[in-house]
Amino acid sequence: MRQHPRTRLPRRAVALTACAVTVAVTAAGQAGAAPGGPGHRTGLCGPGRADTTYTDRLCAAEGDLLDVRIGDVRATQPSVGYDEVYYKLGRYTLGKDEVNKKFDDWCEANGQLEAASASSGARLDDPASFTCELPVGSETGESVAAMKTVVVGPGGSLYLTDGHHTLTSFFETPDGGPELHVRLRVVANYATLTQQEFFKRMEANRWVWPRDPEGAPVPVTGLPKSLGLSRFQDDRYRSLLYFARDIGYTPGTRPFQEFFWGTWVRESRAADLADWDPKSLPSYLDTVEKISRAQSALPANSTVADGLTAGELGALAEWNAGKAADKGEFAKLSVPYAEAKPGKLAYALRYKDAHGIG
């Protein structure tokens, strides 16, 4: 088993069968509930309810872990960075890891840290063929925090708020697909709201990104109803920002972080993309370097997009965390596929080349 430092934190009890749920309500409120505050929901979940396929969703409270079929999850964004997905698929199908990275990614998404072992014929759709570091039921604060997140919407529908790229990669990999299951952490339950109220709440929380890759508004009714690469538009800015992680900024500060940075790249023209060749490793690296250096050069209080500052969006004070180009994260990104541990870009480009993707 691979060893790495981690801190064990108090674990919130997981109660998938809990049938008393506290939900946020609209400004109008419910009887006995403060406007906009928590309200006890009855009818959908409570004594005398009818058990349905969606009972666990309707009864889910913030912090609960839901086992879901990937094909049942809805998107909250109209696009993904295709090259990030191609990197993951390249790593899953062309990888050189002792234990295939897809098992690490699934175990992390499922709240179980990394993969501990995998048989020679292990498959994602056969959980008995691999093991994770933590068994189900032994989750820690650290392992739960790394999980992808979901909001329960009207009638028990599920809206992904983080994890579109990871789950789409599971959807597209040969041993994945829409029938694959993974657990998601619930961040809110809005099952009793109308569609209009629901999306108003989602927009207020910035849990939806209704814009296309060029920044044009997309109606929430036009968001993908399920995952899978063909359902999304390709956002090349989003791809560039993925590869700039920990070079120009620290990821994980807020939902849709890379989209905010992508808006900045597109609108500020902080880097000239005219010569960017997304099929060339040197050109791709050069473009990522230009963007990430521009990020780290921003004052922390400078506005990036939608009123959010560079500091709020995780801009690093020093490019590549103060390391030279042949060190740190940029050096890792630069490693070609021929080496024992290729960089992310090398996997993405190798996958595209192997599948004739321009």
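Residues numbered from 1 in each chain as written. Predicted model: local features only at pLDDT ≥ 70, side-chain atom pairs only at ≥ 80, totals over all residues. Heavy atoms only, no water.

## A word on the packing of helix H2 (residues 82–94) against helix H3 (residues 101–109)
Packed helix pairs are specified by the crossing angle of their axes together with the interaxial distance, meaning the distance between the axes. Heads up, the condition is: Geometry is summarised by axes, namely lines fitted to C-alpha atoms with helices restricted to the contacting stretch, and by angles between N-to-C directions that run from 0 to 180 degrees. We count a stretch as a helix when DSSP gives it H or I for four or more residues in a row; a strand needs E for two or more, and each element gets its number in order from the N terminus. Any angle that is under 35 degrees is reported as roughly parallel, and any over 145 degrees as roughly antiparallel; angles of 65 to 115 degrees are reported as roughly perpendicular and all others as oblique. Contacts were defined at the residue level, with two residues in contact if any of their heavy atoms lie within 4.5 Å. Three classes are used: nonpolar for Ala, Val, Leu, Ile, Met, Phe, Trp, Tyr, Cys and Pro, charged for Asp, Glu, Lys and Arg, and polar for all others, with Gly counted as polar.
Packing of H2 against H3 brings their axes to within 7 Å, and their N-to-C directions diverge by 120°. Taken together, the axes of H2 and H3 are oblique relative to one another. On H3, the residues touching Tyr87, Lys88, Arg91 and Tyr92 of H2 are Lys101, Lys102 and Asp105. Residue classes in the contact of H2 with H3 are distributed as 2 nonpolar, no polar and 5 charged.

## Brief notes about helix H9 (residues 281–297)
Basically, it comes down to this: Expected helix span is taken as 1.5 Å per residue step, with the number of steps being one fewer than the number of residues. Whether a residue is buried, partly exposed or exposed follows from its accessible area with a 1.4 Å probe, protein chains only, as a fraction of its type maximum: under 20%, in between, or over 50%, in that order. We define a polar contact as two N or O atoms separated by no more than 3.5 Å, with the added condition that, inside protein, one atom must be a possible hydrogen donor and the other a possible acceptor, whereas residues neighbouring each other in sequence contribute only through side-chain atom pairs.
When the terminal C-alpha atoms of H9 are compared, their 24 Å separation across 17 residues agrees well with the 24 Å that a helix rising 1.5 Å per residue should span. Every buried residue of H9 is listed here: Leu281, Ser283, Tyr284, Leu285, Thr287, Val288, Ile291, Ser292, Ala294, Gln295 and Ser296. Those residues of H9 that are buried lie in contact with H2, helix H7 (236–243), helix H8 (257–268), helix H10 (328–334) and helix H11 (344–354). Between the side-chain oxygen at the start of H9 and the backbone nitrogen of serine 283 there is a gap of 3.3 Å, and the oxygen is on serine 280.

## Quick look at the pattern of salt bridges
For the record, the criterion: Criterion for a salt bridge: a side-chain nitrogen of Lys or Arg within 4 Å of a carboxyl oxygen of Asp or Glu.
Counting across every chain of the model gives 17 salt bridges. One salt bridge connects arginine 123 with aspartate 125, and the closest N-O pair in it is separated by 2.8 Å. Where salt bridges share partners, they join Arg57, Arg69, Asp72 and Glu179 into one cluster.

## Considerations on helix H5 (residues 164–172)
Side chains three or four residues apart in an α-helix point the same way, a direct result of the helix having 3.6 residues per turn. The buried fraction of H5 is high, at 8 of 9 residues. Taken together, the buried positions of H5 are His164, His165, Thr166, Leu167, Thr168, Ser169, Phe170 and Phe171. Among the structural elements, strand S5 (79–80), H2, H3, strand S9 (158–162), strand S10 (181–189) and H7 are those in contact with the buried residues of H5.

## Considerations on the pairing of strand S8 (residues 149–152)
Note on strand geometry: in a regular strand, side chains alternate between the two faces of the sheet. We apply this condition: Whether two strands pair comes down to DSSP finding at least two bridges between them.
Every second residue of S8 is oriented toward a common face, with Thr149 and Val151 on one face and Val150 and Val152 on the other, all of them buried. Turn length for the S8-S9 hairpin, with the two strands adjacent in sequence and antiparallel, is 5 residues, and the turn residue glycine 155 shows positive phi of about 75°. The pairing of S8 with S10 spans 4 bridges and is parallel. Looking across to S10, one finds that valine 152 is bridged to asparagine 189.

## Quick notes on the sheet that holds strand S3 (residues 65–69)
Taken together, 5 strands build an open sheet; the order of strands is S3-S10-S8-S9-S4 and the sheet is mixed. The outermost strands of the open sheet, each flanked by one partner alone, are S3 and strand S4 (73–74). Bridging between S3 and S10 involves 5 bridges; their strand directions are antiparallel. Bridged to leucine 66 within S10 is leucine 184. Sheet contacts for H5: S9 and S10; angle to S9, the most-contacted strand, approximately 115°.

## Section: the nonpolar core
What counts here: We define the nonpolar core as a collection of buried residues of types Ala, Val, Leu, Ile, Met, Phe, Trp, Tyr and Cys that are connected through side-chain atoms lying within 4.5 Å of one another.
Counting 78 residues, the largest nonpolar core has Trp106, Phe170, Leu227 and Phe243 as its most contacted members. In contact with phenylalanine 170, not counting residues within four places along its chain, are Ile70, Tyr92, Lys102, Asp105, Trp106, Ala109, Leu124, Gly176, Gly177 and Leu180. Among the nonpolar cores identified, the runner-up in size contains 12 residues, and Tyr159, Tyr190, Leu193 and Trp207 belong to it.

## Quick word on the pairing of S9
Across the 5 residues that make up S9, a large majority, 4, are buried. Sheet analysis places S4 next to S9, joined by 2 bridges and oriented parallel. Its bridge partner lying in S9, valine 73 is registered against leucine 158. Relative to S9, S8 is paired through 4 bridges, and the arrangement is antiparallel. The partner of valine 152 across the bridge, within S9, is leucine 158.

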